[in-house]
Amino acid sequence: MNILNDLLNGFATVFDPTNLLLAAIGVTIGTLVGVLPGIGPALTIALLLPVTFNFDDPTGAFIMFAGIYYGAMYGGSTTSILLNTPGESASVATAIEGHKMALRGRARAALATAAIGSFVAGTISTLLLTLVAKPVGELAVKFQATDYFALTLLAMVSVTALVGHSLVRGLLSLSVGMFIGLIGLDSLTGQERFTFGIPELNDGVNIVVVIVGLFAIGEALHAATTRAGPTDVTPLEPARGFAWLTRQDWSRSWRPWLRGTAVGFPFGALPAGGAEIPTFLSYTYERHRSKHKDEFGKGAIEGVAGPEAANNASFSGVLVPLLTLGLPTSATASVMLAAFQIFNLQPGPQLFDTSSELVWALIASLYIGNVLLLALNLPLIRLWVKVLQVPRPLLYAGILVFATLGVYSLSASLFEVAVAYGIGVLGFFMRRYDFPIAPAILGVILGPMMEEQLRRSLVISNNDVSVFFTRPLTLVLLILTVLALFLPYLPRIIARLRGKPAEMDRLAFAEED
Amino acid sequence: MAEKSELRDQRAERPQAGEFVVGGVLVAGAAFALLEVTRINSPVGYSPAGPQFMPLVVCLLWLGLALAYLGQAVRHRHRGGAAVPAPPDAPVSPAVTPPAAEVTSHRADEPISPPAAGVTSHRADGPAGDPSTPAVPTPGAGGLRSLATPALLVAVLIGYLLVFDLLGYILATALAFVASAWVLGSRKLVRDVIIGVVLAIGIYYAFTELLSIRLPAGVFPL
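Residues numbered from 1 in each chain as written. Chains lettered and ligands numbered in written order. Predicted model: local features only at pLDDT ≥ 70, side-chain atom pairs only at ≥ 80, totals over all residues.

Concerning the overall build of chain B
And then number 1: In terms of regular secondary structure, chain B is built from seven helices and zero strands.
And then number 2: Its helices and strands in sequence order give chain B the pattern α-α-α-α-α-α-α, from N to C terminus.
And then number 3: Classification of the 222 residues of chain B by burial places 40% in the buried group.
And then number 4: Intrachain contacts of chain B at a sequence separation of at least 6 include 70% that bridge at least 24 residues. (Helix = DSSP H or I, 4+ residues; strand = E, 2+ residues; numbered from the N terminus. Buried ≥ 20, exposed ≤ 12 C-beta atoms within 10 Å, placed from the backbone. Contact = placed C-beta atoms within 7 Å.)

Pasting the structure below:
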């Protein structure tokens, strides 16, 4: 077994004491930052990116990122359950039942089913990633420029169509993001585009600047309009020894965990990736199938177990297109891609050959991260509750300070900080007028990739546009792109056909990864 | 389309009059970007393989969508005036339009040259820490008033930028922290100052000593 060998080598790398320490630090910082209300994994990684700039060895940095990501995700579920303010859209489903459980004095059970469910899902889905990644990578070698073009287009369009409440607003976000992505010197001809004569813009706008601006600064400005009162952290009920879950809790949780994993991984791996859709699918499914239907809406444990597992499993899924095709399908994956680029690594089919050690160490560190989290998160719960009680003004003031620091340390340029502030103002208005953020991020990072593949295809074909319609794979992907635009309307269309009044928010998913 | 407007009515907390302004700004921005497209130097013109093609596509898409958004806003406003008696923000909405235009106007320039565009420059004169800033009107009132706090916060950030190199990282950061906490509603000045100073010093040493990332030392010869 070749894969097994590679994976064991990966474990050997991770079990190096330094790397193990980095994983533990990553998990702790990730949870610490992820617990803060309003901060999701994408922003956590973006803010912590500068910490790893001086690493000589990218392996250590990525081991830490894996820890940060998992930590941020666990932290997010803690916030959802105790505070009912999900830090990211993927935790929204968890918050629905989780917070109700906490109000009923079952906070520990909710936290435990979330943590153990994430652990189960994380372990299974990492295993799946191990098995799937290399074959997909080998398949991806056969992809041509036209396929990549269609795939990038599909990823952008499907995420835009599935996220947020309005297609027009989503596509507007996407086009403004693509505009920002076009700023700078054209990579093929060296012509200035949208630089407005400012030399600092020749290199384009760094994706970290965009993410920190849209998420951190935009969020802080938005928080300023809704001055929150004292934070209402639901108190934990007193501990009853180590028995966080009763026998009944276990028996009601394990099936949702597995079902959540089964939904989460494939959805994450699709080009329309991200965790929003699988978490809501899992929630809806558990709600329909539960023997305790009456408990839903009042704190049903299945409604926490399923979505949390789906959330965790989808991340390993998202890594499939990211590692094998170099295609990020969520805001978090975009930041991971930016991290790869900082270390001069290009994810894609070649990554498994050129940096095989790094990839397998990353995958191995996902396993380790899972174990560390289970060991850290539940016992330290009192600490995380303390973090939740940080007063909001201090929290957002701190976010602004760290956002500035993160951008400044990219290249010690105050101009970039100013751009980040400007993009933050943009993010503020996007939040205020309900424009989804994720399409803008994907536009910035995928827009230039799409353009490059388009032009490469045309150069190869001598400007013959028909290449996009004669290659079957490309054609299929393009047709899927068109279909994706109509997908959000599907439930409504079906409901119409059945003569029922349309249920609105079904396929509109909240965002802000 | 009709369903969308219904949905929007449900989310009544979203300021409605401002949509009109946002649409206008988006259209103006797209038109400006299109103008910039014509300035791109392309040896092959608008050929799909050249550097001008994708900008053109993106900007046309942007313009078309901005017009659609504006159309929705106009239609929605008519509907809102007639059918829905504009429930929660009724007292605010008539007064919103003119000043909201002023606020959004810097947003138009903002993807291009944020600092030059002078985001809320009318308030930016109090650099970084000016904790004597008068208490902010209660936000949540909706409409324009709720823009005062974010505008002040942007002013603090611009001040932070201006004094960043001059005062050095520690002093500038401590001031910016205290000022933003104040703007965001904290009134425990002593606590904020202590936290701000400790935070700034901690970051400074962690970054310069441990991570060897240079931060401006400024006035303190530390």
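Next comes the rest of the write-up.
Details of the overall build of chain A
And then number 1: Secondary structure assignment for chain A yields 22 helices and two strands.
And then number 2: The C-alpha atoms of chain A give a radius of gyration of 22 Å, which matches the 24 Å a tight globule of 513 residues would have.
And then number 3: C-alpha extents for chain A along the principal axes are approximately 70 × 60 × 55 Å.
And then number 4: In chain A, once contacts between residues fewer than 6 apart in sequence are set aside, the share between residues at least 24 apart is 81%. (Rg over C-alpha atoms; globule rule 2.2 N^0.38 Å.)

Notes on unusual backbone geometry
When glycine is set aside, most residues are seen to have a negative phi, and most peptide bonds are trans.
Residues and elements named next belong to chain A.
And then number 1: In this structure, Asp434 takes a positive phi of about 60 degrees despite not being glycine.
And then number 2: One can find Asp434 in the loop between α18 (414-432) and α19 (438-460).
And then number 3: According to the C-beta neighbour criterion, Asp434 is partly exposed, with 16 such atoms within 10 Å.
And then number 4: The phi angle at Asn463 is positive, at roughly 65 degrees, despite the residue not being glycine.

Comments concerning the environment of Phe468(A)
Residues and elements named next belong to chain A.
And then number 1: Among the secondary structure elements, Phe468 is positioned in helix α20 (residues 467-470).
And then number 2: Along the chain, Phe468 and Leu478 lie 10 residues apart, while their C-alpha atoms are 8.5 Å from each other.
And then number 3: For Phe468, the contacting residues outside a window of four places in its chain are Thr146, Thr474 and Leu478.

Focus on the confidence of the model for chain B
Residues and elements named next belong to chain B.
And then number 1: Across chain B, the average pLDDT comes to 69, with 60% of residues at 70 or higher.
And then number 2: Low pLDDT (under 50) marks residues 1-13, which in the prediction has 13 contacts with non-local residues, meaning those over four places away or in another chain.
And then number 3: In this model residues 81-142 is a low-confidence stretch, pLDDT under 50, and it forms 121 contacts with partners more than four residues away in sequence or in other chains.
And then number 4: ipTM for the predicted complex: 0.81, alongside a pTM of 0.80. (pLDDT = per-residue confidence, 0-100.)

Remarks on the nonpolar core
And then number 1: Counting 231 residues, the largest nonpolar core has Ile211(A), Val212(A) and Ile441(A) as the members making the most contacts within it.
And then number 2: Taken domain by domain, this core gets at least three of its residues from each of domain 1 (1-119) and domain 2 (127-222) of chain B.
And then number 3: If we skip the residues at most four places from it in the chain, Val212(A) touches Ala46(A), Leu47(A), Ile217(A), Ala403(A), Gly406(A), Val407(A) and Ala420(A). (Core = buried A, V, L, I, M, F, W, Y, C linked by C-beta atoms within 7 Å. Domains from an automatic or database assignment.)

Side note on the packing of helix α6 (residues 107-140) of chain A against helix α10 (residues 247-269) of chain A
All names here are of chain A.
And then number 1: The geometry of α6 relative to α10 is characterised by a closest axis approach of 9 Å and an angle of 40 degrees between their N-to-C directions. Compared by their axis directions, α6 and α10 come out oblique. Remark: the crossing between α6 and α10 carries right-handed chirality. Note on element contacts: α10 touches α6 through Asp249, Ser253, Trp257, Gly260, Thr261, Gly264 and Phe265, opposite Ala109, Thr113, Gly117, Val120, Ala121, Ile124, Ser125 and Leu128.
And then number 2: Across the contact of α6 with α10, the residue classes tally to seven nonpolar, seven polar and one charged. (Axes fitted to C-alpha atoms, helices over the stretch in contact; angles between N-to-C directions. Parallel < 35°, antiparallel > 145°, perpendicular 65-115°, else oblique. Left-handed = near helix turned anticlockwise from the far one by under 90°. Nonpolar A, V, L, I, M, F, W, Y, C, P; charged D, E, K, R; others polar.)

Here we look at the interface of chain A and chain B
And then number 1: Of the residues lining the interface, 63 residues belong to chain A; the matching set on chain B comes to 65 residues.
And then number 2: Within the residue set of the side of chain A that touches chain B, elements represented by two or more residues are α8 (167-182), α9 (207-225), α17 (392-411), α18 and α19 of chain A.
And then number 3: Residue classes in the side of chain A that touches chain B are distributed as 41 nonpolar, 13 polar and nine charged.

Overview of the environment of Leu184(B)
And then number 1: You can see Leu184(B) is positioned in the loop between α6 (169-183) and α7 (189-210).
And then number 2: The spatial distance from the C-alpha of Leu184(B) to the C-alpha of Ile201(B) is 22 Å, given a sequence separation of 17 residues.
And then number 3: Setting aside residues no more than four positions away along its own chain, Leu184(B) makes contact with Ala224(A), Arg392(A), Pro393(A), Tyr396(A) and Ala397(A).

A look at the confidence of the model for chain A
Residue and element names in this part refer to chain A.
And then number 1: Averaged over every residue, the pLDDT of chain A is 81; residues scoring 70 or more account for 92%.
And then number 2: Per-element mean pLDDT across chain A ranges from 73 in helix α22 (residues 490-498) up to 93 in α18.
And then number 3: Counting interchain partners and residues more than four positions distant, the pLDDT-below-50 stretch residues 502-513 has 46 contacts.

Some details on the packing of α6(B) against α7(B)
All names here are of chain B.
And then number 1: Relative to each other, α6 and α7 sit at 145 degrees, their axes nearing to 8 Å. For the element pair α6 and α7, the recorded crossing hand is right-handed. Packed against α6, whose contacting residues are Tyr169, Ile170, Thr173, Ala174, Phe177, Val178 and Ala181, the element α7 presents Asp192, Val193, Gly196, Val197, Leu199, Ala200, Ile201 and Tyr204 at the interface.
And then number 2: In the contact of α6 with α7, the residues fall into 12 nonpolar, two polar and one charged.

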